[in-house]
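Reading the structure
As a plain string of letters, each chain reads:
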Amino acid sequence: MKKILYVIIFLCIISACTGRREYREVLSNAQSVIEERPDSSLAILDTLGRHSDAFDEHFRMQYLLELTYAKAKMGHLFDTDSLTKALVSHFDGNGTCREKALAYYMNGCALCDIGQTPEALQAFYDAIDKADTTRSDCDYGVLRGIYGQMSTIFHQQNLPLDEIWALRHYIECVRRTLSERDYIIAKGQMIRPYVLLNEKDSVLKISNNTYHELMRIGYEQEAAGAMATPIYIYMERGQMLEAKKAMDIFENKSGLFGNNGNISSGREAYYYIKGFFELASNDINSAEENFRKAIQYGHLSDGYKGLLRVYRAKNIVDSVFRYSELYEAAQDSIHNRMQIDAIHQMAALYNYSRSQKEAEIEREKARTNRLWIIAIATMAVIVIGGIILYYRNINKKKKQKISELERDLNVMRITRAEILGELQQMKSHDYEGVIASKEMQLLELTEAIERLQAENEKFKEGSAVREKDNLKQFLNSNIANLFIRKATGKTERVVPTEAEWKMLVSQFSNDNPATYNAFCSGKHLSKSEQRICILLILDIPENVISKMLCSTASSVSNLKARANDKLFGVKLAHPLKNNLIHALNSI
């Protein structure tokens, strides 16, 4: 029974994986034809949508993105931006470069359709930023649509220089994705910003180049369609033969006119152009007929302007007066509409600027929070690193101290062995006075060895070194008293042995660690300077110090001056003793 259950589960998993793979293949097929045949892509996506219950969240968003794009390619108008905002939110952190760019592009289209032009332009700029043109799989079809939409917006807002920028990118995308015919027609669209700039020579050049290039590759109708704009410019310049030639090409070869002579829907502006040409050619009745056609299709200003000239030519005063008023009213209507559009654009721009300011405030808060987190993390790393370095330094110093103690211990053991040998030899010769002195030295060395052993054990066990100075304990130590006796001539020799010097420095460092650390830090004192400082603290006279160091009085004075300079910044020998006593008493 269990085996059958396992088989069923395995088959379900295989079926689910196979289904997901088939869905992705179908989505990929729809995507591959969406640029050239958006209707076919939409049909494929509608079929795929019947299985939407089986989609996971990411695939569902991918499906909605392609479905939205296909509908937009088919001319679907958005009435809200809620879906496109959700697409941007999802793909901005989870999508490919194409998906991110397409999501922002669709959001821009939605914003444009609901009248939020400034936000739409920002969305298109964001879409361009998301596209990665360095990749071999960059979708220039999506970029083509983005730049095309931007050029239309710039034209509507009378921004010809921005329109030229957008069209240049649009033309390059067309060159990469479509045919040579489409590329030439795209270049022909550059006449629009130059019309706004009133650069008529550029308009004529672009129109004629478009005509000749399309004729070269055999597209006669499309070539003839490019000759509509030059007609009016030639006519304004009085080049009636050129205007007539362009008009004949446009009317006879563009395929835009029916058998009754009427132009295709959407091109009715041509009627007032032809009317002005006929008026200039003194064919007043034909001109009047074309101006009335232009008025019939909504071109009121140019139509009334043409009829006003017609009735002036006919010298019909009543009609001149009537069409003067109509032309003036049409002009006022145009200006009013332009003002209303400008107000709407300013309002949209204000709302957009306000939302941008709010977004910038939120971004600034997030940036501040990130900086705080980084600062806290950095401080934590520094503190932890400092603690680690501190303990490493302590361990290093402890190991060094243990090594020094063991070395001193070995020296003292050797010295004690030597004295013990001398003592035994002297006992055999009955040198009682010398024996007593050596026994005293032996006792002192034994005590020092025991103390160093105990101290060494403490360091090995990790015991902490005292941090405060104890001058009294140092002065009462056996080794300090030994040096005082040497200074007062109560011992056999005034000059200490090397072992005794080390015992003295070791005793001083243990009882007065803070002062000893001052000897060893910064401009650390030399061995002779350290010994002079300790002897001064023991209140030993300078002439005795020179004997103990086997040096001259001037050398001792120089050593005192250097030590005073290093420790207290005073380049004098005399104040050193007082400075040392004062420093010890203040710790």
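This report concerns the structure included in the present document. (Residues numbered from 1 in each chain as written. Predicted model: local features only at pLDDT ≥ 70, side-chain atom pairs only at ≥ 80, totals over all residues. Heavy atoms only, no water.)

Here the focus is helix 11 (residues 200–216). With 17 residues, helix 11 should reach 24 Å at 1.5 Å per residue; the first-to-last C-alpha distance of 24 Å fits that figure. Within helix 11, burial applies to V203, L204, I206, S207, T210, Y211 and L214. Along helix 11, the residues classed as buried sweep out an arc of 165 degrees about the axis, all on the same side. Turned more than 90 degrees from where helix 11 packs its buried face, D201, K205 and R216 sit exposed. G218 sits one or two positions beyond helix 11 and adopts a positive phi of about 90 degrees. (Helix = DSSP H or I, 4+ residues; strand = E, 2+ residues; numbered from the N terminus. Expected span 1.5 Å × (residues − 1). Buried < 20%, exposed > 50% of the residue type's maximum accessible area, 1.4 Å probe, protein only. Arc of directions from axis to C-beta.)

Next up on the list: the packing of helix 22 (residues 498–511) against helix 23 (residues 513–520). At a minimum axis distance of 5 Å, the contact between helix 22 and helix 23 shows a crossing angle of 115 degrees. On helix 23, the residues that touch V505, F508, S509, N510 and D511 of helix 22 are P513, T515, Y516 and F519. Here the residues of the contact of helix 22 with helix 23 sort into five nonpolar, three polar and one charged. (Axes fitted to C-alpha atoms, helices over the stretch in contact; angles between N-to-C directions. Contact = heavy atoms within 4.5 Å. Nonpolar A, V, L, I, M, F, W, Y, C, P; charged D, E, K, R; others polar.)

Counting 93 residues, the largest nonpolar core has Y105, F124, L143, I146, M150 and F291 as its most contacted members. Looking at this core element by element, the count peaks at nine residues for helix 5 (residues 97–113). If we skip the residues at most four places from it in the chain, I146 touches A101, Y105, F124, A127 and I128. Listed in part, the 33 residues of the second largest apolar core include L471, A480, F483 and I532. (Core = buried A, V, L, I, M, F, W, Y, C linked by side-chain atoms within 4.5 Å.)

This next bit is on the pattern of salt bridges. Within this structure, the stated rule accounts for 27 salt bridges. The salt bridge involving R98 is made with E66; its shortest N-O contact spans 2.7 Å. Note that R98 is positioned in helix 5 and E66 in helix 3 (residues 57–73), a separation of 32 residues in sequence. Assigned by exposure class, R98 and E66 land together as buried. The salt bridge partner of E288 is R292, with a shortest N-O separation of 3.2 Å. Of the two residues, E288 and R292 are both situated in helix 16 (residues 284–296); the distance of four residues between them amounts to about one turn of the helix. Taking the relative accessible area as the measure of exposure, E288 reaches 14% and is therefore buried. Connected through salt bridges with shared partners, the residues E35, K73 and R144 form a single ionic network. (Salt bridge = Lys/Arg side-chain N within 4 Å of Asp/Glu carboxyl O.)

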